[in-house]
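Overview (structure and organization)
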Amino acid sequence: MKLLRKILIPIVPVYYLITWLRNLLYDFGVKTSVLFPIPVICVGNLSTGGTGKTPMIEYLIQLLKDDYKIATLSRGYKRKTKGFLLANEHVTSEDIGDEPYQFYSKFGSETQVAVDSNRVNGITQLLQNTNTPEVVLLDDAFQHRKVKAGFNILLTTYQKPYFKDIVLPTGDLREPKNGAKRANIIVVTKCPSGITKKEKSLFLKQINAKHEQHVFFSSISYSEEIVSIASKMNLTDLEDFSLVTGIANATPLVKYLKSKNLSFEHLNFKDHHEFSKEDISKFESKKIILTTEKDFMRLRQYKSLEDKLYYLPIKVKVEENNKFDSLVKAFVAKY
């Protein structure tokens, strides 16, 4: 794969020009964006994935749900349905996608969860509902410029920040780095514990945020308990288990488990991997399966794994969270 990316480097200027021109057309109003009469918050990134969008959406739901009627709108990546779909008690991850199903499983009674690859139509459908949302959270829609979000939160990882990357197909950026100028907030995610002031200063210098932009640093907070459909267990009580991951970057999770002196086999799959019958058969032979919450949403449907399948809950921990929360709430309150 690395060799192929190097071979494709002549395409990089072409991709750069196409995406740069597309943004320019939106910036000058040649291509139009729809502005809706309610607060729309977009969470996204410049790279192809693995920056922590899902825990950030969950953070925002927790922040706002007690004061506002919230709806999340996602594309529903790799779902087996088409068009607009509002989650209900009958949907599965195959109907709405992994991340939306996770949102619905955790917040379904407090939040509307919808999917539509056409975000304009998706928001329009939500606003036509009898239970009209007061805030819409757009999941992974930074490049979806047909909607003009009132507030953009851009995520970039500490391990591979956008300013050290290049566009596809050789790099991982979906658009040129200067797209970051559209963000109201830039969050450096998955920061290691003990990050120094000097390291933060270096990041701030390289990000070179505009005066009106705000930059925050965040980390992943792991639970001390693992969770199954029917029970919980202390993480440190785990023995003889297999870690199954189908996410963009499992490295932080692997490092965390090793820091707990846990010994395990890691079965690592690509992001949004569709688990086959052979995969499930292999998992059935394991004593305990530990996985991510996103992967748990897909694997929980297999009854043969029910007694051995656990996930490790995570949360995003934002430094200067009071300032971050105030900025988000101030934007919503303007409406």
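Residues numbered from 1 in each chain as written. Predicted model: local features only at pLDDT ≥ 70, side-chain atom pairs only at ≥ 80, totals over all residues. Heavy atoms only, no water.

The name an unreviewed UniProt entry gives the protein chain is Tetraacyldisaccharide 4'-kinase, with Hyunsoonleella pacifica as the organism.

**A short note on the UniProt feature "binding site: ATP" (unreviewed entry) in the protein chain**
Taken from the UniProt record, the annotation "binding site: ATP" (unreviewed entry) applies to Ser47, Thr48, Gly49, Gly50, Thr51, Gly52, Lys53 and Thr54. Secondary-structure assignment places Gly49 in the loop between strand S1 (40–45) and helix H3 (53–64). Exposure remark for Gly49: the relative accessible area of 24% places this residue in the partly exposed category. Its place among the elements puts Gly50 in the loop between S1 and H3. (UniProt positions renumbered as here; feature names shortened; annotations may be inferred. Helix = DSSP H or I, 4+ residues; strand = E, 2+ residues; numbered from the N terminus. Buried < 20%, exposed > 50% of the residue type's maximum accessible area, 1.4 Å probe, protein only.)

**Some remarks on the UniProt feature "transmembrane region" (unreviewed entry) in the protein chain**
Look at the UniProt record and you will see "transmembrane region" (unreviewed entry) annotated at residues 7–26. With 80% helix and 0% strand, residues 7–26 has end C-alpha atoms that lie 31 Å from one another.

**Examining the pattern of salt bridges**
Should their charged atoms come close, side chains of opposite charge can pair. Scanning the entire structure with this criterion turns up 20 salt bridges. Among the ionic pairs, Glu99 bridges to Lys294, the shortest N-O distance being 3.4 Å. One end of the pair, Glu99, is in helix H5 (residues 98–107); the other, Lys294, is in helix H10 (residues 293–299), and 195 residues separate them in sequence. For the pair Glu99 and Lys294, one class covers both residues: buried. Between Glu265 and Lys286 there is a salt bridge, and its shortest N-O distance comes to 3.1 Å. Pair noted here: Glu265 is in strand S12 (residues 264–268) and Lys286 is in the loop between helix H9 (277–284) and strand S13 (288–291), with a separation of 21 residues, a long-range link. Shared partners join several salt bridges into a network, and the residues in it are Arg5, Lys160 and Asp172. (Salt bridge = Lys/Arg side-chain N within 4 Å of Asp/Glu carboxyl O.)

**Thoughts on the packing of H3 against H5**
Across the interface, H3 lies against H5 with an axial gap of 11 Å and an inter-helix angle of 30°. Relative to H5, the element H3 is oriented roughly parallel. Handedness of the crossing formed by H3 with H5: right-handed. Residues Thr54, Ile57, Glu58, Ile61 and Gln62 of H3 touch H5, and the partners they reach there are Glu99, Gln102, Phe103, Lys106 and Phe107. Residue composition of the contact of H3 with H5, grouped by class: four nonpolar, three polar and three charged. (Axes fitted to C-alpha atoms, helices over the stretch in contact; angles between N-to-C directions. Parallel < 35°, antiparallel > 145°, perpendicular 65-115°, else oblique. Left-handed = near helix turned anticlockwise from the far one by under 90°. Contact = heavy atoms within 4.5 Å. Nonpolar A, V, L, I, M, F, W, Y, C, P; charged D, E, K, R; others polar.)

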